[in-house]
Amino acid sequence: MGIEEKIPDSIILTTVNKMVNWSRKYSIWPLGFGLACCAIEMMSTFASHFDLARFGMEVMRPSPRQADLMIVAGRVSMKMAPVVRTLYEQMPNPKWVIAMGSCASCGGVFNNYAVLQGVDRIIPVDIYVPGCPPRPEQLIDGIIKLQDKIDKSSVKDKHDEWGRKSV
Ligand code: SF4
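In this report, we go over the structure that sits alongside the text. For clarity, every value in this text was computed on a predicted model and none was experimentally measured.

### Quick look at the packing of helix α3 (residues 38–46) against helix α6 (residues 136–151)
The interhelical angle for the contact between α3 and α6, taken along N-to-C directions, is 75°, at an axis separation of 9 Å. Between α3 and α6, the crossing angle belongs to the class labelled roughly perpendicular. Of the residues in α6, those touching α3 at E41, M42, S44 and T45 are P136, L139 and I140.

### Quick word on helix α4 (residues 81–90)
For α4, every residue scored as buried is listed here: A81, V84, L87 and Y88. What you see down the axis of α4 is that its buried residues fit within an arc of 125°, all on one side. Buried residues along α4 sit against β1 (69–73) and β2 (96–100).

### Quick notes on the site of the ligand
Neighbouring the ligand are A36, C37, C38, G74, R75, S102, C103, F110, G131, C132 and P133. Its residues assigned to classes, the shell around the ligand comprises seven nonpolar, three polar and one charged.

### Considerations on the sheet that holds β2
Ordered by their spatial adjacency, three strands build an open sheet running β1-β2-β3, and the pairing between neighbours is parallel. Edge strands, defined here as strands with exactly one partner in the open sheet, are β1 and β3 (127–129). Going from strand to strand, the sheet's axes swing by 15° on average, the running direction of each strand aside. Sheet topology places β2 next to β3; three bridges connect them, and they run parallel. Note on β3: the bridge partner recorded for A99 is Y128. This element, α3, spans β1 and β2 of the sheet and lies at about 135° to β1. Contacts from α6 reach β1, β2 and β3, with the element oriented near 155° to β2.

What counts and what doesn't
Residues numbered from 1 in each chain as written. Predicted model: local features only at pLDDT ≥ 70, side-chain atom pairs only at ≥ 80, totals over all residues. Heavy atoms only, no water. Axes fitted to C-alpha atoms, helices over the stretch in contact; angles between N-to-C directions. Helix = DSSP H or I, 4+ residues; strand = E, 2+ residues; numbered from the N terminus. Parallel < 35°, antiparallel > 145°, perpendicular 65-115°, else oblique. Contact = heavy atoms within 4.5 Å. Buried < 20%, exposed > 50% of the residue type's maximum accessible area, 1.4 Å probe, protein only. Arc of directions from axis to C-beta. Near = heavy atom within 4 Å. Nonpolar A, V, L, I, M, F, W, Y, C, P; charged D, E, K, R; others polar. Pairing = 2+ DSSP bridges.

So, to be careful, I would describe these as geometric facts and stop short of saying anything about function.
Quick look at the structure:
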């Protein structure tokens, strides 16, 4: 059989970059953990009513080695901060972080010595989702914005030890 018969009627032309970004943004695996009340809304987002599976990211991973998205859902106590940092460092590159809710973003109403005033003091944050707590729709909106960000990335991007894109 000649090559003409083996090739189907239609051919799709694309680039490696578009292919990789497409597969990455529709197969994000979040790390399964929650810190406070925001985590209840996050769990709701993953449940059937909101159905995050529509976006290809319902597979929560129990190990940071298998996860590429950290959703920081809730306030980060000073005691928990080194644990969050360690979990982040154990995730492989490329990896992303969503700060869910005002506590994770800036400490929220807990302006005191026991609570970290924003998780971006210990790890880089890609998307901030406002609210106390944010509704599942808001978290989904943040996730869609993260997908847009991933879509604009390049497979040639290099990452530093913080997981940030380095020049
Ligand atoms: S932002 Fe509000 S709901 Fe979320 S962890 Fe803080 S106090 Fe709880």
